[in-house]
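Survey of secondary and tertiary structure
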Amino acid sequence: MNLASLDLNLLVALDALLLEANVSRAAMRIGLSQPATSHALQRLRDILGDPLLVRVGARMELTPRAQALRAPLAQALDQVRGLFMPDDFDAARSERRFRLMMPDLAVELLMPPLMKRLDAAAPGVRIDVVPWRGPAIFTAEFARTIDIVISIGDAFKGFHRQLLYTDADALAVRHGHPAGARLKDKDTFLKARHVAVVIRGQSEDLIDTWLQTKKLERRIALVVPSYIEALHVAARTDLVAFVPRRLIAALSKQLSLVTVFPPIDPGIDEQFMFYPTRVQMDPGSIWLRSIMLEIGREMARPKRKTG
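Residues numbered from 1 in each chain as written. Predicted model: local features only at pLDDT ≥ 70, side-chain atom pairs only at ≥ 80, totals over all residues. Heavy atoms only, no water.

Description of helix α3 (residues 34-48)
Put simply, the rule reads: Secondary structure elements are taken from DSSP: a helix is a run of H or I of four residues or more, a strand is a run of E of two residues or more, and numbering for both begins at the N terminus. In this analysis, the expected span of each helix is defined as 1.5 Å times one less than the number of residues it contains. Type-normalised accessible area, obtained with a 1.4 Å probe on protein chains alone, sets the label of each residue: buried when under 20%, exposed when over 50%, and partly exposed for intermediate values. Think of the arc as the fan of directions from the helix axis to the C-beta atoms. Polar contact is the term for a pair of N or O atoms within 3.5 Å; when the atoms are in protein, one must be able to donate a hydrogen and the other to accept it, and sequence-neighboring residues count only if both atoms are side-chain atoms.
Given a rise of 1.5 Å per residue, 15 residues ought to cover 21 Å, and the 21 Å separating the end C-alpha atoms of α3 matches this to within 8%. If you check which residues of α3 are buried, you get Thr 37, Ala 40, Leu 41 and Leu 44. Taken end-on, α3 shows its buried residues confined to a sector of 105 degrees, consistent with a single buried face. In this structure, α3 carries Pro 35, His 39 and Asp 46 as exposed residues pointing more than 90 degrees from its buried face. Near the N-terminus of α3, the side chain that reaches the backbone nitrogen of Ala 36, with its oxygen 3.2 Å away, is that of Ser 33.

What about the pairing of strand β7 (residues 193-197)?
The side chains of a regular strand alternate between the sheet's two faces. The condition is simple: Strand pairing is defined by DSSP finding a minimum of two bridges between the two strands. We call a crossover right-handed when, viewed with the strands running away from us, the connection from the first strand over the helix to the second turns clockwise.
Most of β7 is tucked away, with four of its five residues classed as buried. One ladder, built from five bridges, connects β7 with strand β8 (residues 219-224); its direction is parallel. Following the sheet pairing, Val 195 is matched in β8 by Leu 222. The β-α-β motif built from β7, the intervening helix α8 (residues 206-213) and the parallel element β8 has right-handed crossover chirality. Pairing geometry for β7 and strand β9 (residues 240-244), over two bridges, is parallel. Following the sheet pairing, His 194 is matched in β9 by Val 240.

Considerations on the packing of helix α1 (residues 8-20) against helix α2 (residues 23-30)
Put simply, the rule reads: Every axis corresponds to a line fitted to the C-alpha atoms, with the helix fit spanning only the stretch in contact, and the corresponding angles, defined between N-to-C directions, vary from 0 to 180 degrees. Oblique is the label for any angle not covered by the other classes, which are roughly parallel (under 35 degrees), roughly antiparallel (over 145) and roughly perpendicular (65 to 115). A clockwise turn of the near helix away from the far one marks a right-handed crossing, whereas an anticlockwise turn of less than a right angle marks a left-handed crossing. Working rule for contacts: check all heavy atoms of both residues, and any pair within 4.5 Å makes them a contact. Polar here means any residue other than Ala, Val, Leu, Ile, Met, Phe, Trp, Tyr, Cys and Pro, which are nonpolar, and Asp, Glu, Lys and Arg, which are charged; Gly is therefore polar.
Look at α1 against α2: their axes get within 8 Å of each other, and the N-to-C directions meet at 130 degrees. Our classification of the angle between α1 and α2 gives oblique. Remark: the crossing between α1 and α2 carries right-handed chirality. Taking contact as the criterion, the partners of Val 12, Ala 13, Ala 16, Leu 17, Leu 19 and Glu 20 in α1 are, on α2, Val 23, Arg 25, Ala 26, Arg 29 and Ile 30. In terms of residue class, the contact of α1 with α2 is built from eight nonpolar, no polar and three charged.

Some points on the packing of helix α9 (residues 227-236) against helix α10 (residues 245-255)
Direction vectors running N to C along α9 and α10 enclose 40 degrees, while the axes themselves pass 11 Å from each other. It follows that α9 is oblique to α10 by the angle criterion. Crossing geometry of α9 relative to α10 is assigned as right-handed. Residues Tyr 227, Ile 228, Leu 231, His 232 and Ala 235 of α9 form the contact with α10, whose own contacting residues are Leu 247, Ile 248, Leu 251 and Leu 255. Per-class residue counts for the contact of α9 with α10 are eight nonpolar, one polar and no charged.

Describing the pattern of salt bridges
Opposite charge on two side chains allows them to pair when their charged atoms are near. In plain terms, the rule: Between Lys or Arg on one side and Asp or Glu on the other, a salt bridge is scored when a side-chain nitrogen of the former is within 4 Å of a carboxyl oxygen of the latter.
Scanning all chains against the criterion turns up 13 salt bridges. With a closest N to O distance of 3.7 Å, Asp 90 and Arg 93 form a salt bridge. On the accessibility criterion, Arg 93 (72% relative accessible area) is exposed. Measuring nitrogen to oxygen at the nearest pair gives 2.8 Å for the salt bridge that ties Arg 174 to Asp 238. With Arg 174 in strand β6 (residues 159-174) and Asp 238 in the loop between α9 and β9, this residue pair connects regions lying 64 residues apart in the sequence. Put simply, Glu 20, Arg 25 and Arg 29 are held in one network by salt bridges that share partners.

As for the nonpolar core
Soluble globular proteins tend to bury their nonpolar side chains together. The test is simple: Nine residue types can take part in a nonpolar core, namely buried Ala, Val, Leu, Ile, Met, Phe, Trp, Tyr and Cys, and a core is a set of them joined through side-chain atoms within 4.5 Å.
Grouped together as the largest cluster of nonpolar side chains are 58 residues, with contacts concentrated most on Leu 110, Leu 114, Val 149, Ile 150, Phe 159, Leu 231 and Trp 287. Counting residues in hydrophobic clusters, the runner-up holds 21 residues, among them Leu 17, Ala 21, Val 23 and Leu 41.

So, the pairing of strand β11 (residues 268-276)
Examined bridge by bridge, strand β5 (residues 148-151) and β11 share three bridges and lie antiparallel to one another. By the bridge assignment for β11, Ile 150 is matched with Met 273. Pairing of β6 with β11 involves nine bridges; the strand directions are antiparallel. Its bridge partner being in β11, Leu 163 is matched across the sheet by Phe 272.

Points about α9
Within α9, burial applies to Tyr 227, Ala 230, Leu 231, Ala 234 and Ala 235. What you see down the axis of α9 is that its buried residues fit within an arc of 135 degrees, all on one side. Among the residues of α9, the N-terminal cap falls to Ser 226, whose side-chain oxygen and the backbone nitrogen of Glu 229 are separated by 3.1 Å.

In short, the description is geometric, and any link to function would need to be established separately.
Next comes the structure, spelled out in structure tokens:
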């Protein structure tokens, strides 16, 4: 492609279309009319050779190509914006406080590598973590108090979204669990006593929501509000925890846990980084987001075997 012939405004339109999956909302996000945004979508379809948005029933959905473009496009636009930003954020001397909201599993997976980087590059920067409190909290007032949110789900009003990392769910049991590998059998899995995780703002464990779509129901013996609590209980009882695989791996040695692959696969989980529109061009926010994205990329790289 001849980059000289590419209108960079099309990339801004593409970013909005991928975030909203809706032409009208994308138009509002970037301040264009709906016809102009529809015209931009058609030009993008011609350039990329892909429909990008397709109608499924009453709604529009992203094609696989469009899904794959979301994260690299958002990162590329951030880098382009950074070219025109004044270099007025000195991480080494900054004493800025960043406020992040995320569930406990994200704290466990993301904060150690983040703090390691800050210790080396920005020792005066402080991170305040706010517990996840559900989508109802995403108001205009809240957006003014937060810098980054780590969560699953769709974009929240007033926030931009970037894919951070992916995960998959697995079963965690203690070493010596009487069922052990037999949990790979569907009947054994469903009859086992489970610890469910119902985070604030949810009505049930998302695993149970998914199981209902398969007309399946597991046996729940205990409900706790966090994934780490579920793993601690599983480590000291015969209860089974169905939780993100990366979290089990992070704590398996410390808690003496074994990972068992379930007999049914709920698919890939996507964890996103959300940030308010107000900080999109902020040098400090761009700096912190770039570090978070680098951590996400490192999580995606295969681990090197040693020995």
